[in-house]
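# Chains, contacts and geometry: an overview
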Amino acid sequence: MTLIPGQKSAVFALLFLLCAGLARAADIPSLLAERVKCAVAVEYFTETESERRATVAYGVVIDRQGTIILPPGAIDPHVPPAQLKDFKIYVPGDPANGTGVYLGQDAFTGWHFVRAEPKMRGRLVPVTAFAAAGRSPVPALGEEVWGIGLRPLEEDFMPYLLSSRVALIQSLPELTGEAQQEVSGPGLPVFNRDGVFVGLTLNSGEQPYILYSQMNRSGAPVFLVDVQESSLFDLADEVLPNLGRVPKNVSGRPLAWLGADGLEPMDREVADFLKLGEQSGAVVSEVLEGSPAEKAGMKDHDIIIAIDGRPLPVFRPNRYVTDFVEREIERRAPGDLMALTVLRGADRVTIRAVLGDEPTLIREARRKYFEHIGFTAREFVYGDAIERRIKVGDSAGVVVHYVKPNTPASIAGLEPDDWIKEIDGVAIKSFDDAVSQLSAIEGDSLRSEFVLLVSRGGDTTVLRVKLK
């Protein structure tokens, strides 16, 4: 067949593109072999009063000091850091492991930080080595992106390739990409065809299904979550600027606190009634006692419409506006001034709040296990007072954190979250009071029983604990 000059040019161009595509496709294995060095699997143990439980999470290396970030859901937020033990770090495909130290959680990103022992660091490459200089590329709709999956511990976390195309970019409230199918393991990086870092995978979203069975032929809606792979990822420009937010301590403090509780998105009907057009807003359900918000004059049912003079962004769906407000607080520090424009009825009011340091969290509360009695007492904290709808100044006593089965406490009917207010008729004014009295009871071999006055669900109950 004879080709005219114009046809020859078109054929040569097509052949060039095909060859370039084949060359780039052939580069993926070498790109994967290099980039998997920034991915790790982290195993740790949670030690409670009755068990030692292993958990595995995936993470990415962020610097030459062996610092690793794990996704927010990698560690239960209610577990005290003191119960997190024996962090082990695995390089994908290698049965050997090294040790790590838990550094804490950053409130703004939600990431947990772990640092690898020095002897491991030479085998790790930070993900920043694969980032673009300057602004990171934003993948286009339909663009191919790829990432890393890891097999289970029993298979030495052998890495494998995942690939998909970008289906959607949206604000949730951080700029987030969604691929057509799973593109990487949660907490692991995502790259474009050139091997440039374009995002960090989030935990998989819920996938709705209808479940049919012989007992239920009409079908029942269920939601499934893939814990090994995900199609959602934060874009690189949301990730890279925050890699320096390494916690100063395992509790993640200092923690900025406003005290505007129970934020809800403003209904579209409310916005229309107030003639606000497309204005976005977050409704404050309750202003917490003694909080910076209360001191600044914020009221229950105020509608936050702007922060530091900037209107709140419009999100679809609008529920993400509350996440935006909470992140704006969390990105700041105690002592920072935060100006909030609120709607109060038909009036616009500017509130200038000086953020405080968040009160002691439940995971930070002191606790002690009394083995013979069979339960763990926990310090009563600010959040307990808020949950029980009492004045913070009236709080006293201790809270039951754990009850061991078939022990005197369990047989007496003591339950987790019970609020112990008296022991043998003596009011408990503090955690130290409770520890002193319970230690004396536990150490008295002649003691046959004692009495607890507890509050449960607003009702008061007397429990007689028989020790013999």
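Described below are features of the structure shown in this document.

Criteria and cut-off values
- Residue numbers restart at each chain and count upward from 1, following the sequence in its written direction.
- Since the coordinates come from a predicted model, pLDDT governs what is reported: local features require at least 70, and pairs of side-chain atoms require 80 or more to be given and counted, while whole-chain, interface and lining totals use all residues.
- Side-chain measures here rest on the full set of heavy atoms in the structure, leaving out hydrogens and waters.
- Secondary structure elements are taken from DSSP: a helix is a run of H or I of four residues or more, a strand is a run of E of two residues or more, and numbering for both begins at the N terminus.
- Exposed residues in this analysis have more than 50% of their type's maximum accessible area, buried residues have under 20%, and partly exposed residues fall in between, with area computed by a 1.4 Å probe over protein chains only.
- Only heavy atoms matter for contacts: two residues are in contact if any of them lie within 4.5 Å across the pair.
- Only the protein chains shown count as cover for residues, and the accessible areas themselves come from Shrake-Rupley with a 1.4 Å probe.
- We define a salt bridge as a side-chain nitrogen of Lys or Arg found within 4 Å of a carboxyl oxygen belonging to Asp or Glu.
- Pairing between two strands requires that DSSP report at least two bridges joining them.
- For helices, the fitted axis covers only the stretch in contact; all axes are lines through C-alpha atoms, and the angles between them, taken along N-to-C directions, range from 0 to 180 degrees.

Quick look at the overall build of the chain now. Check the secondary structure of the chain and you find 8 helices and 31 strands. Looking at the chain as a whole, 44% of its 468 residues qualify as buried. Look at the contacts in the chain between residues 6 or more apart in sequence, and 60% of them connect residues 24 or more apart. A total accessible area of about 23,500 Å² is found for the chain, and carbon and sulfur atoms account for 54% of it.

On to the pattern of salt bridges, then. Pairing between side chains of opposite charge can happen when their charged atoms approach one another. This structure, assessed with the given rule, holds 29 salt bridges. Between Asp237 and Arg135 there is a salt bridge, with the nearest N and O atoms lying 3.3 Å from each other. Residue Asp237 is located in helix α2 (residues 236-239), and its partner Arg135 is located in the loop between β6 (112-116) and β7 (144-150); the two are separated by 102 residues in the primary sequence. Linked by salt bridges that have partners in common, Asp308, Glu328, Arg331 and Arg332 make up one network.

This part covers the environment of Ser285. In this fold, Ser285 is placed in the loop between β18 (282-283) and β19 (286-287). You can call Ser285 partly exposed: its relative accessible area is 35%. Separated by 24 residues in sequence, Ser285 and Asp261 place their C-alpha atoms 6.0 Å apart. With near-sequence residues (within four places) excluded, Ser285 lies in contact with Asp261, Gly262, Glu264, Asp300 and His301.

So, about the pairing of strand β1 (residues 39-47). Burial of β1 is extensive: 8 of the 9 residues sit out of reach of the surface. Bridge count for β1 against strand β2 (residues 52-61) is 9 bridges, and the pairing is antiparallel. The residue of β2 that forms the bridge with Tyr44 is Thr55. As paired strands, β1 and strand β4 (residues 84-90) are joined by 5 bridges and run antiparallel to one another. Each bridged residue has a counterpart across the sheet, and for Ala41 the counterpart in β4 is Tyr90.

So, about the sheet that holds strand β5 (residues 97-105). The sheet built from 6 strands closes into a barrel, its strands ordered β1-β2-β3-β6-β5-β4 with antiparallel pairing. Strand after strand, the sheet turns through a mean of 40° between neighbouring axes, direction not considered.

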